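Each chain is listed here by its residues.
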Amino acid sequence: GPQSFPLESLKNGPKVCVGAGTGLGECYLTQGSVSDEYTCFPSEGGHVEYAPRHNLEVRLFEFLNEKFCTKDRISVERVVSG
């Protein structure tokens, strides 16, 4: 299951940002030499495959396949974005 970490341990180190809108924006931030300074690296993470694991998720996959007239591929971006 999920792990929990003390808040103090999350202050430093890399960060991940995800934002759903008309697309799915994703990036990660790495800490620079100055503690409050981060560098942003954008990614194309929204283009990963949606992989349903349960019956309800399979039904969503089938609905989206029909809605977008696709035969076998639905991206995560299609699932969470408008």
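Cut-offs and rules
Residues numbered from 1 in each chain as written. Predicted model: local features only at pLDDT ≥ 70, side-chain atom pairs only at ≥ 80, totals over all residues. Heavy atoms only, no water. Helix = DSSP H or I, 4+ residues; strand = E, 2+ residues; numbered from the N terminus. Contact = heavy atoms within 4.5 Å. Expected span 1.5 Å × (residues − 1). Buried < 20%, exposed > 50% of the residue type's maximum accessible area, 1.4 Å probe, protein only. Arc of directions from axis to C-beta. Disulfide = S-S within 2.5 Å. Pairing = 2+ DSSP bridges. Axes fitted to C-alpha atoms, helices over the stretch in contact; angles between N-to-C directions. Salt bridge = Lys/Arg side-chain N within 4 Å of Asp/Glu carboxyl O.

## Examining the environment of Thr39
Piece 1. When you line up the elements, Thr39 lands in strand β3 (residues 38-43).
Piece 2. Measuring from C-alpha to C-alpha, the distance between Thr39 and Leu29 comes to 5.4 Å, with ten residues separating the pair along the chain.
Piece 3. Ignoring anything within four residues of it in the chain, the contact list for Thr39 reads Tyr28, Leu29 and Thr30.

## Digging into the side chain of Ser75
Piece 1. Assignment of secondary structure puts Ser75 in the loop between α1 (55-67) and α2 (76-80).
Piece 2. The contact partners of Ser75, leaving out residues within four places of it in the chain, are Gly46, His47, Val48 and Tyr50.

## A word on α1
Piece 1. Taking 1.5 Å of rise per residue, the 13 residues of α1 would be expected to cover 18 Å, and the 18 Å separating its terminal C-alpha atoms lies within 8% of that figure.
Piece 2. Those residues of α1 that fall on the buried side of the exposure criterion are Phe61, Leu64 and Asn65. On an axial view of α1, the arc spanned by its buried residues comes to 105°, and they lie on one face. Of the exposed residues in α1, the ones pointing more than 90 degrees away from its buried face are Asn55, Leu56, Arg59, Phe63, Glu66 and Lys67.

## Considerations on the state of the cysteines
Here, the word disulfide means a covalent bond between the sulfur atoms of two cysteines.
Piece 1. All told, the structure shown has zero disulfides when counted by the stated rule.
Piece 2. Not part of a disulfide, Cys40 finds its nearest cysteine sulfur in Cys27, a span of 3.6 Å.
Piece 3. With relative accessibility at 45%, the residue Cys40 sits in the partly exposed group.

## Concerning the sheet that holds strand β1 (residues 15-20)
Piece 1. The strand order β1-β2-β3 describes an open sheet built from three strands, whose pairing is antiparallel. Only two strands of the sheet have a single neighbouring strand rather than two, namely β1 and β3. Neighbouring strand axes in the sheet, compared pairwise and without regard to direction, differ in orientation by 25° on average.

## Considering the pattern of salt bridges
Piece 1. Enumeration according to the criterion identifies one salt bridge in this entry.
Piece 2. Here Glu49 ties to Arg73 by a salt bridge, and the two come within 2.5 Å at their closest N and O atoms. Taken as a pair, Glu49 in the loop between β3 and α1 and Arg73 in the loop between α1 and α2 lie far apart in primary sequence, 24 residues in all.
Piece 3. Judged by relative accessible area, which is 44%, Glu49 ranks as partly exposed.

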